[in-house]
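Letter by letter, the chains look like this.
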Amino acid sequence: MTDPSKINPIVHVQASAVSIVQKYIRQCQKNLPEFYQALKRQDFSFLIQEAHKIKGTGALMGVMNLNMLGERIEIAARENNLKEVHSQLDALAQYLNVLTVVAQE
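Residues numbered from 1 in each chain as written. Predicted model: local features only at pLDDT ≥ 70, side-chain atom pairs only at ≥ 80, totals over all residues. Heavy atoms only, no water.

Engineer: Can you tell me about the overall build of the protein chain, naming the residues and giving the values?
Structural biologist: Looking only at helices and strands, one finds four helices and two strands in the protein chain. Taken from N to C terminus, the helices and strands of the protein chain fall in the order β-α-α-α-α-β. For the protein chain, the C-alpha atoms occupy an extent of roughly 45 × 25 × 20 Å along the three principal directions. Burial status across the protein chain gives 41% buried among its 105 residues. For the protein chain, the accessible area works out to roughly 6,100 Å², and carbon and sulfur atoms hold 50% of it. (Helix = DSSP H or I, 4+ residues; strand = E, 2+ residues; numbered from the N terminus. Buried < 20%, exposed > 50% of the residue type's maximum accessible area, 1.4 Å probe, protein only. Areas by Shrake-Rupley, 256 points an atom, 1.4 Å probe, with all protein chains shown as cover.)

Laid out in structure tokens, this is it:
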């Protein structure tokens with residue numbers, strides 16, 4: 001499992017993007033229950049698709065730890081590895097709870 005305490009919880013973005021990134025983080029937090037439900041159903045297609053979105057959007061917004069976690073979830077889902085998907089979802093949930101968005105100077 002990715003240890004969330006070892007992932008930098010502060011992300012710096014352009015001042016004009018702070019509210020957009022914060023809104024995206026809140027949306028990710030709201031969507032987490034759907035991930036866990038998909039995990040229970042072993043709906044790997046859903047997990048792959050949604051993790052891929054997190055991976056891409058994280059990279060686009062400059063939140064590279066979201067990109068990394070999305071990629072890890074996607075890989076684990078492609079391998080049908082329930083335990084690793086669960087572990088990475090937990091890491092994602094913990095990271096989203098401590099993530100702070102700061103405007104770059």
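After that view, the rundown keeps rolling.
Engineer: Outline the packing of aromatic side chains, listing residues and values.
Structural biologist: Enumeration according to the criterion identifies one aromatic pair in this entry. On the basis of an interplanar angle of 65° and a centroid distance of 5.9 Å, the ring pair of Phe 35 and Phe 46 is categorised as edge-to-face. Linking Phe 35 in helix 1 (residues 18-41) with Phe 46 in helix 2 (residues 44-61), this pair joins segments that are eleven residues apart in sequence. Of the two residues examined, Phe 35 and Phe 46, each falls in the buried class. (Phe/Tyr/Trp six-rings, centres within 6.5 Å; stacked < 30°, edge-to-face > 60°.)

Engineer: Which residues make up the environment of Leu 92, and what are the values?
Structural biologist: Mapped onto the elements of the fold, Leu 92 is located in helix 4 (residues 82-98). Exposure remark for Leu 92: the relative accessible area of 1% places this residue in the buried category. Each C-alpha atom of the pair Leu 92 and Ile 75 lies 14 Å from the other, and the pair is 17 residues apart in sequence. Excluding residues within four positions of it along the chain, Leu 92 makes contact with Leu 32, Ile 54, Leu 66, Leu 69 and Ile 73. (Contact = heavy atoms within 4.5 Å.)

Engineer: Quick one: what's the story with helix 2, residue by residue and with numbers?
Structural biologist: Given a rise of 1.5 Å per residue, 18 residues ought to cover 26 Å, and the 25 Å separating the end C-alpha atoms of helix 2 matches this to within 8%. Listed as buried for helix 2 are Phe 44, Phe 46, Leu 47, Ile 48, Glu 50, Ala 51, Ile 54, Lys 55 and Gly 58. The inward-facing, buried residues of helix 2 abut helix 1, helix 3 (64-78) and helix 4. Positive backbone phi, approximately 85°, marks Gly 62, located one or two places after helix 2. (Expected span 1.5 Å × (residues − 1).)

Engineer: Could you give me a rundown of the nonpolar core, with the residues and numbers involved?
Structural biologist: If you look at the biggest cluster of nonpolar residues, it comprises 33 residues, and the most contacted ones within it are Leu 47, Leu 66, Val 85 and Leu 92. Broken down by element, the residue count for this core peaks at nine residues, all from helix 1. (Core = buried A, V, L, I, M, F, W, Y, C linked by side-chain atoms within 4.5 Å.)

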